[in-house]
Structures are given as C-alpha cells and as structure tokens.
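A look at the structure
One-letter residues, chain by chain:
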Amino acid sequence: MIKYSKQDFGDDFDWGVTISSYQVEGAHDLHGRGMSIWDKFSHQGKRIEDGSDGTIACDFYHRYEEDIDIVKSLNLKNFRFSLAWPRILPNGTGAVNQAGIDFYNKVIDYCLAKGVTPWLTLYHWDLPQVLEDKGGWTNRMIVNCFKEYADVCSRAFGDRVKNWIVINEPFTYTALGYLFGYYAPGKFGINNYIPAVHHSTLCQAEGARVIRRNVPDANIGTSVGCSHVSPASDAPRHVAAAKRIDVMFNRIHIEPLLGMDYPIRDLPALERIEKYIQPYDPELIKFDFDFIGVQNYYSLVAYDVPLVPYIGALIKPFHKLNRPLTANGWEVYPEGIYKILKQFGEYPIKKLMVTENGAAFYDKVQNGKVHDKKRVEFLQKYIGQVLRAKNEGVNIGGYFVWSLMDNFEWKAGFKSRFGIVHTDFKTQRRIIKDSGRWIREFLEE
Ligand code: IFM
C-alpha cells in the first residue's frame, strides 16, 4: 500500500512517459531516412548482446496511433519522444527530408487530437552517420550542424509543440560512446571524450537559444543522467574519489550551463578541456533553462584507486551493496533519487523534472498478462522518494516513466525490458503490464 496519492503532487505536476526514436521507431531505411551511428554500430560484429538492432524495433513508425492510444488509456497526459536527426536531415545538414517532417507532424497531431501533450527531445543518441564520419561530437563543426537541425525542427513543430528537451543524457553518449567504446560510435580515449563533452555542452545551450528564438513561448529544458555518489568510507581519499566521480557523472554536464564553469578543481584530468574552449565559449555555454531534466537509475559508491587513469577511482560493483538488482544489474535504491534531487535542488535551476526513471526486470507473459510486481514496487517507491524531495522544498514539476513499452535497449538489445507495456517483438502485440495498470489507477481523476 502506498501512503501518497496523485493529489499530493499538486494539480500542475506533469505525469508522463518517455520513448526515443532509435529504440522504438524501426523503419530504418524508409522514406528517405539516413543512416545513424546506431545503425552502423549494431551491425558491426558482436556489438549488441543479443545480436539485434533497431531496424524494426517496436515499429512505432507504423503503430504510433495504437501506442498514443495506450498512453491516453493509462491516464498519462504527457508523452515524451525524440526526433531522429537522420530522418529529418539524412545528410546531417542541408536538404530536409519532407517525409520525416510529415511523420513527426502526424505523431504530434495525433497526440494533440487525443489530448496528450507532446514533449520533443532533439537528440537521443542517433547521430547521422555522415556527421560521425567527420568526427561526430569530437569535431566542433557539430555545433553549427546541431543549430541547423534545431532550427529546422523548431520551425516545423514549434507552432504545436511547446515542451522541448535539447539533449538526452550527455554523460551516456560521451562516456560510453567516445571514451569506453561501449556504445555507438564505439570510440575510445580521453582525446575523443573531452571534446565530445565540450561540444555537447555548447550544443545544449546553442540549441536551446535557437528554439527560444523560433518558439518564444516554449518551455525549454535539457536532460542529464545523474546518480548520487557516496564515498566507500569517510577516509579522505575515498571522499576525494567520490568528488571526482560526482564530477564525471553529474556536475560536468550541468554546471557550465549554469555559468559555473567546468569543475576542473575537483577533477584535474578535466584540465584538457581548456584546449577546446574558445574565447566566447564561457558565455555561449550558458542558457537560462526553464527546467532541467533529471534521469536517475542507480546510485554509486566510489573508492580511491590511484592506478585508474585520469580519474583515480572506481565504482564499487553494485552486487557488493546487498541491495536488490534489476535485470541489467542496477541496484534498486529508491533513496538514491531523493538524494540526487536534493543535490540538484541546490543549484540555481528554475525547475527540475524527472524526465526518466524506471527499471528492467525479467517479465513473463502468463495467460495474456504480465504481472511485473517488482516494477510496480519500484515505481511506487521511487515516486514516493520524489514526493519526499518535493515536500522538502525541491521544485520538481513532473515525473516521466522510462519507458512506455519494451524497446531496443542499446547494447543489451531486446533483452532488457523497461516498459510498462510489454512488446512481443515477433508480432508487435502490446500488453499493458500490471505496472501500467497501476499507473492508470494512480492517475485516475
Ligand atoms: O534506455 C535508456 C534511455 O535511452 C536513456 N536513459 C536510460 C535508459 C535505460 O538504460
């Protein structure tokens, strides 16, 4: 039994659900869509754990009406989805693919017809491969390309879409994609990672400025993945290690946007970023966002390991913490979202929105139903901790579940199921899980 109700969050609290283009759309080569870095990456040998790719995914491209009907039926008033850059600008810049614009127009118009508010994310990791061939996020040319893309999208959709998220989780695609080679485009090394970070920071602010110019009444945010970090013990060396990890996972992607500069003092390896900062950049990377999206999945315990290059720290394997784990090995620790919201609540940010939170579990279909008790409990506990932070004065304006339906979970392929709706990837049949039913009841007017 939960001890709170929807009313405790207030009438103006936005409840929603999130998906992203490459993870659900499919139709990878239909109607002029260009190739993205994930199309290429997922076809390179054994990159994806189950050998799958996003070629068809959830076939949202053809089934968006059914999926938006489900959003509506779950009493979720807000639907966040991302635009596929290669569907709109197949060459990254230049000629606009009208079929791509038409597709998103149909999705937006269908949402509005159903009374569901669309929230658009400009970039959720599916970079056009042609831009990656020129260096992708490591090459400063990306900033102008991104501005052009933001301009095309905000002109095309800004008359109807008022809620915009510029970039999704820069930590994930810069660290996993350019430092560790684990995600697309599969690059390694600090010399790729550092410029990718700086150019992402610039794009968050510059993209937001373009949207503001084209859609003056827009509600503009950007979303960062963030995880509360605790030191392995009170020993000063672990405390310092936790600070370094906190910079890398949390602070680096938000503080420059707020005019606080990169936190180089707490992570000296970050000094390398100065080489990429041009004279006007400290001004260009600032933007007065209407909200910052916080996306939380796990918390971290850091300990000092001087031998680890650049960061001198490691993150304690989650299983040593004796907490329950999700199917992809992330610990279930509801208090973590409370702690990170409190931490972000200290920043001079107008409003925080939880733009993603959710969990993968091993779901089974039994007699046409999915009894995902663990996900129901997960959501109930995490939402309870969001309320706790809100009641303690953190200005939190909304909560979006990740994800509407099971979809292509990047490196894990289709093995990791995060949906509140089950997807049968062979038949594309959707089944609302118990977690979806719980949300529906919880949000009932
Ligand atoms: O599936 C991802 C999503 O694309 C970004 N945030 C984390 C989710 C779960 O890994």
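So, here is what we can say about the structure in this document. (Residues numbered from 1 in each chain as written. Predicted model: local features only at pLDDT ≥ 70, side-chain atom pairs only at ≥ 80, totals over all residues. Heavy atoms only, no water.)

**Here's the deal with the overall build of the protein**
Basically, it comes down to this: Here a helix means four or more residues in a row that DSSP labels H or I, a strand means two or more in a row labelled E, and each is numbered from the N terminus. The cut-offs for exposure are 20% and 50% of the maximum accessible area for each residue type, with area from a 1.4 Å probe on protein chains only; residues under the lower value are buried, those over the upper are exposed, and the others partly exposed. What makes two residues a contact is simply this: any of their non-hydrogen atoms within 4.5 Å. Using the Shrake-Rupley algorithm and a 1.4 Å probe, accessible areas are obtained, with residue cover drawn only from the displayed protein chains. Asp and Glu count as negative and Lys and Arg as positive, but His and the ends of the chain are not part of the count. Each charge is placed at NZ for Lys, CZ for Arg, CG for Asp and CD for Glu.
Each helix and strand counted, the protein has 14 helices and 15 strands in total. A principal-axis box enclosing the C-alpha atoms of the protein has dimensions of 55 × 55 × 45 Å. A burial count over the protein gives 62% of its 445 residues as buried. Contacts in the protein between residues far apart in sequence, at least 24 positions, make up 76% of those at least 6 positions apart. In the structure as shown, the protein presents an accessible area of about 17300 Å², 52% of it carried by carbon and sulfur atoms. Each charge class in the protein can be summarised by its mean position, and for the 55 positive and 53 negative side chains these summaries are 3 Å apart.

**Some words on the site of the ligand**
Using the following cut-off: We call a residue near a molecule or strand as soon as one heavy atom of that residue lies within 4 Å of the molecule or strand. Any pair of nitrogen or oxygen atoms within 3.5 Å is treated as a polar contact; in protein, a donor-acceptor pairing is required on top of that, and neighbouring residues in sequence qualify only through side-chain atoms on both sides. Ten residue types, Ala, Val, Leu, Ile, Met, Phe, Trp, Tyr, Cys and Pro, are classed as nonpolar, four, Asp, Glu, Lys and Arg, as charged, and the remainder, Gly among them, as polar.
Inspection of the region around the ligand gives Gln23, His124, Trp125, Asn168, Glu169, Tyr297, Trp330, Glu356, Trp402, Glu409, Trp410 and Phe418 as its neighbouring residues. One of the side-chain nitrogen or oxygen atoms of histidine 124 is found 2.7 Å away from an oxygen atom of the ligand. A distance of 2.5 Å is found between a nitrogen atom of the ligand and a side-chain nitrogen or oxygen belonging to glutamate 356. Protein chains bury 96% of the 280 Å² of accessible surface belonging to the ligand in isolation. Here the residues of the shell around the ligand are counted per class, giving six nonpolar, three polar and three charged.

**Structural notes on the side chain of asparagine 407**
Along the chain, asparagine 407 falls in the loop between strand E13 (396–402) and strand E14 (421–423). Reaching out from asparagine 407, the side chain makes a polar contact with the side chain of glutamine 23 at a distance of 3.4 Å. Polar contacts involving the side chain of asparagine 407 include one to the main-chain carbonyl oxygen of methionine 405, which spans 3.1 Å. Residues in contact with asparagine 407, not counting those within four places in the same chain, are Gln23, Val24, Cys58, Trp402, Gly413, Phe414, Ser416 and Phe425.

**Observations concerning the packing of helix H8 (residues 170–179) against helix H9 (residues 190–214)**
Applicable threshold: Each axis is a line fitted through C-alpha atoms, taken for helices only over the stretch in contact, and angles between the N-to-C directions span 0 to 180 degrees. Geometric relationships in this document are graded by angle, where less than 35 degrees denotes roughly parallel, more than 145 denotes roughly antiparallel, 65 to 115 denotes roughly perpendicular, and other angles denote oblique. Left-handed describes a crossing whose near helix is turned anticlockwise from the far helix by less than a right angle; the clockwise case is right-handed.
Contact geometry for H8 and H9: axes closest at 8 Å, N-to-C directions at 155°. In terms of orientation, H8 lies roughly antiparallel with respect to H9. Classified by chirality, the crossing of H9 by H8 is right-handed. Residue-level inspection shows Pro170, Tyr173, Thr174, Ala175, Tyr178 and Leu179 of H8 in contact with H9, the latter providing Ile190, Asn192, Tyr193, Ala196, Val197, Ser200 and Gln204. Class assignment of the residues belonging to the contact of H8 with H9 gives a composition of nine nonpolar, four polar and no charged.

**Focus: the sheet that holds strand E7 (residues 291–295)**
Threshold: Here a strand pair is declared whenever DSSP counts at least two bridges between the two strands.
Strand order in the closed barrel formed by eight strands is E1-E2-E3-E4-E5-E7-E10-E13, and the pairing between neighbours is parallel. Looking at each pair of strands side by side, their axes are set apart by 25° on average, direction ignored. Across five bridges, strand E2 (residues 78–82) lies against strand E3 (residues 117–123) in parallel orientation. Looking at E3, one finds that asparagine 78 is bridged to threonine 117.

**Structural notes on the pairing of strand E10 (residues 352–356)**
The two faces of the sheet receive side chains in turn, since in a regular strand these alternate between them. Taken across its five residues, E10 has five buried, putting it largely inside the fold. With four bridges joining them, E7 and E10 adopt parallel strand pairing. Along E10, the bridge assignment pairs isoleucine 292 with leucine 352. In this structure, E10 lies alongside E13, joined through two bridges in parallel fashion. Residue pairing across strands places valine 354 opposite tyrosine 399, the latter belonging to E13.

**Observations regarding H8**
For H8, the tally of buried residues reaches ten of ten residues, placing the bulk of the element in the interior. Residues Pro170, Phe171, Thr172, Tyr173, Thr174, Ala175, Leu176, Gly177, Tyr178 and Leu179 constitute the buried set of H8. Among the residues trailing H8, glycine 181 stands out with phi positive, at a value near 65°.

**Here's the deal with the packing of aromatic side chains**
Going by this rule: Two rings from Phe, Tyr or Trp (for Trp, the six-membered ring) form a pair when their centres sit within 6.5 Å of each other. Planes less than 30 degrees apart are called stacked, planes more than 60 degrees apart edge-to-face, and all others tilted. Two conditions define a charge sitting above a ring: the NZ of Lys or the CZ of Arg must be within 6 Å of the ring centre, and it must be within 35 degrees of the ring normal.
Evaluation of the coordinates by the stated rule reveals 48 aromatic pairs. Between tryptophan 38 and tyrosine 183 the ring centres are 5.3 Å apart and the planes differ by 80°, which places this aromatic pair in the edge-to-face class. In this pair, tryptophan 38 sits in helix H2 (residues 37–41) while tyrosine 183 sits in the loop between H8 and H9, placing the two residues 145 residues apart along the sequence. Assigned by exposure class, tryptophan 38 and tyrosine 183 land together as buried. Judged by centre distance (4.3 Å) and plane angle (40°), the rings of phenylalanine 414 and phenylalanine 425 are tilted. You can see phenylalanine 414 sitting in the loop between E13 and E14 and its partner phenylalanine 425 sitting in the loop between E14 and strand E15 (430–432), a full eleven residues away along the chain. Through successive ring pairs, a cluster of aromatic residues spans Tyr22, Trp38, Phe41, Trp125, Tyr182, Tyr183, Phe408, Trp410, Phe414 and Phe425. Seen from the ring of phenylalanine 103, arginine 87 lies directly overhead, with NZ or CZ sitting 5.7 Å from the centre. Over the ring of tyrosine 182 we find lysine 411, and its NZ or CZ is 4.9 Å from the ring centre.

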